[in-house]
Protein chains: 2
Amino acid sequence: LRFELTTLGTGAALPARGRYPTAQLLNVGEELYLIDCGEGTQERLRQAGVNFNRIRRIFISHMHGDHYLGLMGLLSSMHLQGRTRELHLHGPQDLNEVVRLQLRVSETYLRFPLHFEAVRAESGVLLWRDDRVSVHALALRHRLTCAGVLVREHEQLRPLRKDKLFIVPPYRRAGVKAGDDLVLDDGTVVPNSELTEDPPKPRSYAYCSDTAYAPELVPFLEGVDLLYHESTFTEALAARAKETMHSTARQAATIARDARVGTLVLGHFSSRYKSADQMLREALEVFEATVLSDEGATFTVGQRFPGR
Amino acid sequence: LRFELTTLGTGAALPARGRYPTAQLLNVGEELYLIDCGEGTQERLRQAGVNFNRIRRIFISHMHGDHYLGLMGLLSSMHLQGRTRELHLHGPQDLNEVVRLQLRVSETYLRFPLHFEAVRAESGVLLWRDDRVSVHALALRHRLTCAGVLVREHEQLRPLRKDKLFIVPPYRRAGVKAGDDLVLDDGTVVPNSELTEDPPKPRSYAYCSDTAYAPELVPFLEGVDLLYHESTFTEALAARAKETMHSTARQAATIARDARVGTLVLGHFSSRYKSADQMLREALEVFEATVLSDEGATFTVGQRFPGR
């Protein structure tokens, strides 16, 4: 099952140096989720060859413009392209007001149902669940109420071992796949471990932007395969990070190390930096499996990226 | 005095084929006006090397997203770049509501004064006047209330002929420049035509987008040097143009011909057309001095562009 993150925009509030405002595409078994939607996201999606119609859900973290200003244009393009498939929009209550006002004054009557769901920015709150994944909120520390997301695959059933299939009657298979031992007609107990294999480990992705250093997130991020954490500043500007409620690369790496995540992806780089290399160096001192995001780069969730 | 139009976006509602939504920069003697501001305008401005701080006024024609969705991002970038110089925003009353709501929910307190002036979309209404130009509204025909703009230089004073300077006493010069004849001490009348030269003809630019064919505009556009008129469709889709309240290239050219403008610039091309060449051909059949706009193209107001 495909589980991939594509970073479409990795800049901070002021677009510059070829970086665009925040937007991410998450492919979960060919269901597409969009996470944040800065100005120009529709263009980034076109460049990435994405069919807008495949986007099922959009999660907006907070109401700073670099995280949502591309939404109206994207909705408008979906409408003009004749979308009829419903779209779910998760975000702060204010977002709904902003969207509805603009639809009203532009006299736009969307051809597709747009369902808005207000996000409670509290870590662990369930935002969405289907048969593959659940999405929970993460309470980030920012100047505005801001919710990250944690997307986690469900535990899968235990696959039956092919060489033992013949001893499991069809009507007992569901139970065995769920972990039951098998009791034969003569009373013999065959332990589950002899009948099944371990299923693939459920994979998980966490999105933490924008946020100040927030160690209270660690228990929620424990063992996450892929963590995107904002890294607006280098350590030299730690005071500025604190003041603006952003993180340094080292702080992002500290969260990643303490939560023992698989791979850390840095992003949301301030426009003052020509290159993010210094941030990468500072993060690597704390956490080895760190990589930089880039416009259009794709990361497979569960694949461990090497430190450099 | 510089008087130049740069077309930053020449596409219609759905961005595609390298065309961007509508935005124009008008340089009037180094004062910059922005006319409409579709999504991504700040990026187009950067590509054109424009210092945002030099933009003094923004005119928004109407509330379809492809004409205003880039505004919040541009205001935000001006703010983040430390602008303190006041900015004037002219547009529909709804625009002010949309801007204020988004500033409020994002808790953005602009560092510069933003003055909003509601535009009455009635041809001939004065929107702005300084010592160089006046800007009047043009009532366009569209699904939403929509105002074009007509930017016209003032008549200039008549320059004194250098070889006659010695006979005009300093305290009479203002009168002579304004067109008075000179009465000498002995009662001789020297006609103004012997003392002064004709000043340069005042130049004018008109912006008509979005609009259905609107012949009632012709008297207001009479003799305009440069006319930008939308040309969303070819003649084959005249019915679609009528239905959506847009114009065909031929209709744009008919307005240009009837108003005897200097040059017609076509734009706002539907995304269904790979190239605007067919529209150019159809317009040229009616009006010779027609050119196509292009992303980043600059047109000098008053310079006659040849038909092909």
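All of these numbers come straight from a predicted model, not from anything done at the bench.

A. Expanded view of the overall build of chain A. Across its full length, chain A holds nine helices and 16 strands. For a compact globule of 308 residues, the expected C-alpha radius of gyration is about 19 Å, and chain A comes in at 22 Å, within 12% of that figure. In terms of its C-alpha atoms, chain A occupies a principal-axis envelope of roughly 75 × 50 × 35 Å. Counting the 308 residues in chain A, one finds 56% classified as buried. Sequence-distant contacts in chain A: of pairs separated by 6 or more residues, those separated by 24 or more amount to 64%. Summed over all atoms, the accessible surface of chain A reaches about 13000 Å², with 49% contributed by carbon and sulfur. Side-chain charges in chain A split into 38 positive and 39 negative, and the spacing between the mean points of these groups amounts to 3 Å.

B. How the structure looks around the relation of the copies chain A and chain B. Once chain A has been moved 0.1 Å along the axis and rotated by 180 degrees, it coincides with chain B to within an RMSD of 0.1 Å. The superposition of one copy onto the other is thereby described by a two-fold rotation axis. Minimal C-alpha separation from the rotation axis in chain A is found for G40(A), amounting to 2.9 Å.

C. Region of interest: the interface of chain A and chain B. The interface of chain A with chain B comprises 32 residues on the first partner and 32 residues on the second. In total, chain A and chain B occlude about 2600 Å² of area from one another, counting both sides; carbon and sulfur atoms represent 57% of this. Summed over the three residues of chain A that lose the most area to chain B, namely L14(A), E39(A) and V105(A), the buried surface amounts to 21% of that side. Between chain A and chain B we count two salt bridges in total.

D. Main features of the packing of aromatic side chains. Residue and element names in this part refer to chain A. Enumeration according to the criterion identifies four aromatic pairs over all chains in this entry. With 5.5 Å between their ring centres and 15 degrees between their planes, Y207 and Y228 make a pair best called stacked. Here the residue Y207 occupies a position in strand β12 (residues 204-208), and Y228 occupies one in strand β13 (residues 226-230), the gap between them amounting to 21 residues. With respect to class, Y207 is no different from Y228; both count as buried.

E. Representation of the pattern of salt bridges in the model. Scanning all chains against the criterion turns up 32 salt bridges over all chains. Residues R260(A) and E222(A) are paired through a salt bridge, measuring 2.8 Å at the closest nitrogen-oxygen approach. Taken together, the residues R260(A) in the loop between α8 (249-258) and β14 (263-267) and E222(A) in the loop between α6 (218-221) and β13 connect sequence positions 38 residues apart. For the salt bridge of R161(B) with D163(B), the shortest nitrogen-to-oxygen distance reads 3.3 Å.

F. View of helix α3 (residues 93-105) of chain A. Residue and element names in this part refer to chain A. Here α3 contains 13 residues, and its C-alpha end-to-end distance of 19 Å stays within 8% of the 18 Å for a straight helix at 1.5 Å per residue. Within the span of α3, buried status applies to L95, N96, V98, V99, L101, Q102, L103 and V105. Of the residues trailing α3, E107 is marked for its positive phi of about 50 degrees.

G. Representation of the packing of helix α8 (residues 249-258) of chain B against helix α9 (residues 277-284) of chain B in the model. Residues and elements named next belong to chain B. Packing of α8 against α9 brings their axes to within 8 Å, and their N-to-C directions diverge by 40 degrees. Read as a crossing pair, α8 and α9 show a hand that is right-handed. Contacts between α8 and α9 involve A249, R250 and A253 on the former and, on the latter, M279, E282 and A283. Partitioned by chemical class, the residues of the contact of α8 with α9 number four nonpolar, no polar and two charged.

H. Layout of the sheet that holds strand β1 (residues 3-9) of chain A. All names here are of chain A. Reading across the sheet, the seven strands line up as β6-β5-β4-β3-β2-β1-β16 and stay open at both edges, with mixed pairing between neighbours. Two strands close off the open sheet at either side, each with one partner strand: β6 (114-118) and β16 (297-300). Neighbour-to-neighbour, the strand axes of this sheet turn through a mean angle of 20 degrees, independent of strand direction. Two strands pair when backbone bridges link them, and β1 and strand β2 (residues 23-28) are joined in this way by six bridges, in the antiparallel orientation. The residue bridging T7 from the neighbouring strand is Q24, located in β2. α3 rests against β5 (87-91) and β6 of the sheet, and its axis sits at about 150 degrees to β6.

I. Summary view of the sheet that holds strand β15 (residues 290-292) of chain B. Residue and element names in this part refer to chain B. Ordered in space as β7-β8-β9-β12-β13-β14-β15, the seven strands form an open sheet in which the pairing is mixed. At either end of the open sheet lies a strand with only one pairing partner, and these are β7 (126-129) and β15. Ignoring which end each strand starts from, the neighbouring axes of this sheet average 20 degrees apart. With five bridges joining them, strand β13 (residues 226-230) and strand β14 (residues 263-267) adopt parallel strand pairing. The residue bridging H229 from the neighbouring strand is L266, located in β14.

J. A look at the state of the cysteines. In the structure shown here, the tally under the stated rule is zero disulfides over all chains. C37(A) forms no disulfide, and the closest cysteine sulfur to it belongs to C146(A), at a distance of 15 Å.

K. Fine view of the packing of α3(A) against helix α3 (residues 93-105) of chain B. Here α3(A) crosses α3(B) at 170 degrees, and the two axes come no closer than 10 Å. Considered as vectors, α3(A) and α3(B) are oriented roughly antiparallel to each other. Contacts from D94(A), E97(A), V98(A), L101(A), Q102(A), R104(A) and V105(A) in α3(A) reach D94(B), E97(B), V98(B), L101(B), Q102(B), R104(B) and V105(B) in α3(B). Residue composition of the contact of α3(A) with α3(B), grouped by class: six nonpolar, two polar and six charged.

Scoring rules and cut-offs
Residues numbered from 1 in each chain as written. Chains lettered and ligands numbered in written order. Predicted model: local features only at pLDDT ≥ 70, side-chain atom pairs only at ≥ 80, totals over all residues. Heavy atoms only, no water. Helix = DSSP H or I, 4+ residues; strand = E, 2+ residues; numbered from the N terminus. Rg over C-alpha atoms; globule rule 2.2 N^0.38 Å. Buried < 20%, exposed > 50% of the residue type's maximum accessible area, 1.4 Å probe, protein only. Contact = heavy atoms within 4.5 Å. Areas by Shrake-Rupley, 256 points an atom, 1.4 Å probe, with all protein chains shown as cover. Lys, Arg positive; Asp, Glu negative; His and termini not counted. Charge placed at Lys NZ, Arg CZ, Asp CG, Glu CD. Least-squares fit on C-alpha atoms with pLDDT ≥ 70 in both. Buried area = accessible area lost by both parts, 1.4 Å probe. Salt bridge = Lys/Arg side-chain N within 4 Å of Asp/Glu carboxyl O. Phe/Tyr/Trp six-rings, centres within 6.5 Å; stacked < 30°, edge-to-face > 60°. Expected span 1.5 Å × (residues − 1). Axes fitted to C-alpha atoms, helices over the stretch in contact; angles between N-to-C directions. Left-handed = near helix turned anticlockwise from the far one by under 90°. Nonpolar A, V, L, I, M, F, W, Y, C, P; charged D, E, K, R; others polar. Pairing = 2+ DSSP bridges. Disulfide = S-S within 2.5 Å. Parallel < 35°, antiparallel > 145°, perpendicular 65-115°, else oblique.

In short, the description is geometric, and any link to function would need to be established separately.
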